[in-house]
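Architecture at a glance
Given next are the chains, with one letter for each unit.
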Amino acid sequence: QKEVEQNSGPLSVPEGAIASLNCTYSDRGSQSFFWYRQYSGKSPELIMSIYSNGDKEDGRFTAQLNKASQYVSLLIRDSQPSDSATYLCAVLNSGGYQKVTFGTGTKLQVIP
Amino acid sequence: GAVVSQHPSWVICKSGTSVKIECRSLDFQATTMFWYRQFPKQSLMLMATSNEGSKATYEQGVEKDKFLINHASLTLSTLTVTSAHPEDSSFYICSATPTTRSYEQYFGPGTRLTVT
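So, here is what we can say about the structure in this document.

Relative to the helices and strands, Val 4 of chain B resides in strand β1 (residues 4-7). Residues within four places of Val 4 of chain B in sequence aside, it is in contact with Cys 23, Arg 24, Ser 25, Phe 28, Cys 94, Ala 96, Tyr 106, Phe 107, Gly 108 and Pro 109 of chain B.

What follows is the structure in C-alpha cells.
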C-alpha cells in the first residue's frame, strides 16, 4: 500500500508570513511529485510539480524534494488570505499506470 | 493551457435513475483520464483509470457495472452512474494527463451529484 502522509492541520499563519507544508511518502521508487491546492467545494488545482532533489521556485511557491528522506515540502512566501485552502501532496506511483497517490491534505489558514 | 471541463456541474436525480457525467480536455489531448470521488472533508478517492479506446481499470471496491466509463476519444471520457442511490451522492471529479506531459494531472471542476 503506497502511502502519502500529511498533517491535516489547520496550519494558521499570519498574512505576509511563510507557510511551510510537509509531506512524506512510502514509495521509494517514486520520481514525480506534485502539490495541488483545493478550495472548499472546488476541485484540485495543480500548483507545483517537482522531479529532482532540491528546490524549485515558482513565484511565491517553492517546492523542496529529498528523495533519500522521502520528503516533499511546499513553502509559500508572503502568504495571503487567498492562499487559505487545503494543500494536497501527490506522488506518482512507481511501476507505471500513471496512478497518483494523494495525501489527505493540509488545511492552511492565513490570518489577515 | 491544460483546461478540463465537466458537465453538468451539479445534478439532482431520483433514486434508481442513471446519470451521465462528461469530462473533456479542451486544449490538449489526454493520454489518460481518471475519475475520482470525494466525500465531504475527505480526500480524493480514485475510482478508475481510462485510456482512449481501452476498457477502464477500476480500483478495488468500485463496481464496474454501476460506474460505467467510456473513453471514446483523446478529449472525452464519460462516467455513467447507473441505478443511482442516495449513498452515491458525492462530488465526482475527473482529471486528465496531457500526452506531452503525461505525469501531470489536470482536474475538471467537478460534478456534485445528489440522489434523492
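Let's pick the thread back up.
Let's shift gears to the pattern of salt bridges. Applying the stated criterion across every chain, the model contains 6 salt bridges over all chains. Note that Glu 59 of chain B is salt-bridged to Lys 99 of chain A, the shortest N-O span being 3.0 Å. Of this pair, Glu 59 of chain B sits in the loop between β6 (57-58) and β7 (67-73) while Lys 99 of chain A sits in the loop between β9 (85-92) and β10 (100-102), each in a different chain. Between Asp 88 of chain B and Lys 66 of chain B there is a salt bridge; the shortest N-O distance is 2.9 Å.

Residues and elements named next belong to chain B. Pairing within the open sheet is antiparallel, and its 4 strands lie in the order β1-β3-β8-β7. Edge strands, defined here as strands with exactly one partner in the open sheet, are β1 and β7. In this sheet, adjacent strand axes meet at a mean angle of 15° when their direction is disregarded.

Attention now moves to the pairing of strand β5 (residues 45-50) of chain A. Residue and element names in this part refer to chain A. Here β5 lies mainly inside the structure; 5 of its 6 residues are buried. Across 5 bridges, the pairing between strand β4 (residues 33-38) and β5 is antiparallel. Of the residues in β5, the one forming a bridge with Phe 33 is Ile 50. Taking the residues between adjacent antiparallel strands as the criterion, β4 and β5 are bridged by 6 residues, where Gly 41 takes a positive phi near 80°.

Moving on, we come to the interface of chain A and chain B. With 19 residues of chain A in contact, the opposing surface of chain B contributes 23 residues. Buried area between chain A and chain B, summed over both chains or domains, comes out near 1,500 Å², and the portion from carbon and sulfur atoms is 54%. Of all residues in chain A, Gln 98, Lys 99 and Phe 102 of chain A give up the largest surface area on contact with chain B, accounting jointly for 33% of the area buried on that side. In this assembly, chain A and chain B are joined by 1 salt bridge. Where chain A meets chain B, there are 8 residue pairs in polar contact (both at pLDDT 80 or more). Residue assignment for the side of chain A that touches chain B shows that the elements contributing at least two residues are β4, β5, β9 and β10 of chain A. Considering every element that reaches the side of chain A that touches chain B, the biggest residue donor is β4 of chain A, with 3 residues.

Conventions adopted
- Residues numbered from 1 in each chain as written.
- Chains lettered and ligands numbered in written order.
- Predicted model: local features only at pLDDT ≥ 70, side-chain atom pairs only at ≥ 80, totals over all residues.
- Heavy atoms only, no water.
- Helix = DSSP H or I, 4+ residues; strand = E, 2+ residues; numbered from the N terminus.
- Contact = heavy atoms within 4.5 Å.
- Salt bridge = Lys/Arg side-chain N within 4 Å of Asp/Glu carboxyl O.
- Pairing = 2+ DSSP bridges.
- Axes fitted to C-alpha atoms, helices over the stretch in contact; angles between N-to-C directions.
- Buried < 20%, exposed > 50% of the residue type's maximum accessible area, 1.4 Å probe, protein only.
- Buried area = accessible area lost by both parts, 1.4 Å probe.
- Polar contact = N/O pair within 3.5 Å; in protein donor to acceptor, adjacent residues only side chain to side chain.

What is shown is where atoms sit, not what they do.
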